[in-house]
Amino acid sequence: MDSVFEELYEKYHDDIFNFLFYMVRNREQAEDLVQEVYIKVLRSYKRFKGESSEKTWLLSIARHVAIDFFRKQKSWRRRVSEKFDWNDDQLCDMQPLPEEIAIQKEEIQQMYRCLERCTIDQQLVIVLRFIQSLSITETAETLGWTESKVKTTQHRALKVLKKYMEEEAAKGGKQHEKISVE
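I will try to describe carefully the structure that is included in this document. (Residues numbered from 1 in each chain as written. Predicted model: local features only at pLDDT ≥ 70, side-chain atom pairs only at ≥ 80, totals over all residues. Heavy atoms only, no water.)

Turning our attention to the overall build of the chain. The helix and strand inventory of the chain stands at eight helices and zero strands. Going from N to C terminus, the chain has its helices and strands arranged as α-α-α-α-α-α-α-α. When each of the 182 residues of the chain is scored for burial, the buried share is 40%. Contacts in the chain between residues far apart in sequence, at least 24 positions, make up 65% of those at least 6 positions apart. (Helix = DSSP H or I, 4+ residues; strand = E, 2+ residues; numbered from the N terminus. Buried < 20%, exposed > 50% of the residue type's maximum accessible area, 1.4 Å probe, protein only. Contact = heavy atoms within 4.5 Å.)

Okay, here's the thing in structure tokens:
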């Protein structure tokens, strides 16, 4: 089991950590949740039947751990938002130009603000599909959904996210106009 566990860890640790980080938006909390995932993996590996890929199985466990975490939290959206350090360079490329850094941080912040307004299901689909780069099939396996439900949720999530981002952009433009008029 040790060699199997080491192999799973080496192959998928970054994917599991990134998934949980994008869900909770807090490095320390994501690290704690990753440990919970590995505990569940050790306890349930004998029951893994290989009906899905190891990656989707592990991400499915991570999803359940994240949902359990959110259920334990009171007003988790507020707490997540307060705990995330928007000035941290965790999400930036290593060598972009200074202008690119400023634009990228602003766009990422806007996207996260808007993503927080989406339902948990919509957030899960966005993170799995576009941040974890899972296919529709892998996302369905991870979430325990049909492919049709993933596609519908993705469509609705992107539509809502676009609407929220347009609202944010409009607010930003109005605030910029007020500043330049004064």
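Moving on: the side chain of Thr-56. Summarising the element assignment, Thr-56 is placed in helix α3 (residues 54–72). At 3.3 Å, the side chain of Thr-56 forms a polar contact with the side chain of Glu-141. (Polar contact = N/O pair within 3.5 Å; in protein donor to acceptor, adjacent residues only side chain to side chain.)

Packing of helix α2 (residues 27–44) against α3 brings their axes to within 9 Å, and their N-to-C directions diverge by 125°. In terms of their interaxial angle, α2 and α3 are classed as oblique. Like other packed secondary-structure pairs, α2 and α3 cross with a definite hand, here right-handed. Contact with α2, carried on its side by Gln-29, Leu-33, Glu-36, Val-37, Lys-40, Val-41 and Ser-44, involves Trp-57, Leu-58, Ile-61, Ala-62, Val-65 and Phe-69 of α3 and no other residues of that element. Residue composition of the contact of α2 with α3, grouped by class: nine nonpolar, two polar and two charged. (Axes fitted to C-alpha atoms, helices over the stretch in contact; angles between N-to-C directions. Parallel < 35°, antiparallel > 145°, perpendicular 65-115°, else oblique. Left-handed = near helix turned anticlockwise from the far one by under 90°. Nonpolar A, V, L, I, M, F, W, Y, C, P; charged D, E, K, R; others polar.)

What follows covers the packing of aromatic side chains. Applying the stated criterion across every chain, the model contains eight aromatic pairs. Arranged with centres 5.4 Å apart and planes meeting at 45°, the rings of Tyr-9 and Tyr-38 form a pair that is tilted. Linking Tyr-9 in helix α1 (residues 2–24) with Tyr-38 in helix α2, this pair joins segments that are 29 residues apart in sequence. Accessibility expressed as a relative area gives 34% for Tyr-9, which makes it partly exposed. Judged by relative accessible area, which is 6%, Tyr-38 ranks as buried. (Phe/Tyr/Trp six-rings, centres within 6.5 Å; stacked < 30°, edge-to-face > 60°.)

For the rest of this paragraph, the subject is a negative patch on the surface. Taken together, the side chains of Glu-28, Glu-31, Asp-32 and Glu-36 define an acidic patch exposed on the protein surface. The topology assignment puts Glu-36 in helix α2. (Patch = residues over 30% accessible without salt bridge, like charges linked within 9 Å, V, L, I, M, F, W, Y side chains within 5 Å. Areas by Shrake-Rupley, 256 points an atom, 1.4 Å probe, with all protein chains shown as cover. Salt bridge = Lys/Arg side-chain N within 4 Å of Asp/Glu carboxyl O. Lys, Arg positive; Asp, Glu negative; His and termini not counted. Charge placed at Lys NZ, Arg CZ, Asp CG, Glu CD.)

Let us look at the pattern of salt bridges. Two side chains of opposite charge can pair, provided their charged atoms sit close to one another. Counted under the stated rule, the structure contains six salt bridges. Between Glu-7 and Lys-11 there is a salt bridge, with the nearest N and O atoms lying 3.4 Å from each other. Of this pair, Glu-7 and Lys-11 both sit in helix α1, four residues apart, which is roughly one turn of that helix. Given a relative accessible area of 43%, Glu-7 falls into the partly exposed group. A single salt-bridge network, built from bridges that share partners, covers Arg-117, Lys-163 and Glu-167.

So, about unusual backbone geometry. The phi dihedral of Arg-25 is positive, around 55°, even though this residue is not glycine. Structurally, Arg-25 can be placed in the loop between α1 and α2. The class for Arg-25 is buried, based on a relative accessible area of 2%. For Ser-133, which is not glycine, the phi torsion reads 60° and is therefore positive.

Next up on the list: the side chain of Thr-153. Along the chain, the position of Thr-153 falls in helix α8 (residues 147–181). Of the residues examined, Thr-153 reaches a relative accessible area of 12% and is grouped as buried. In contact with Thr-153, other than residues within four places in its own chain, are Asp-121, Gln-122, Val-125 and Trp-145.

Within the largest apolar cluster, 46 residues are counted, with the highest numbers of intra-cluster contacts made by Ile-16, Phe-19, Leu-20, Val-37, Val-41 and Leu-58. When contributions to this core are tallied by element, the ones reaching two or more residues are α1, α2, α3, α5 (98–116), α6 (120–131), α7 (136–143) and α8. For Leu-58, the residues in contact, after removing those within four places along its chain, are Leu-8, Tyr-12, Ile-16, Val-37 and Val-41. (Core = buried A, V, L, I, M, F, W, Y, C linked by side-chain atoms within 4.5 Å.)

In short, geometric facts, not functional conclusions.
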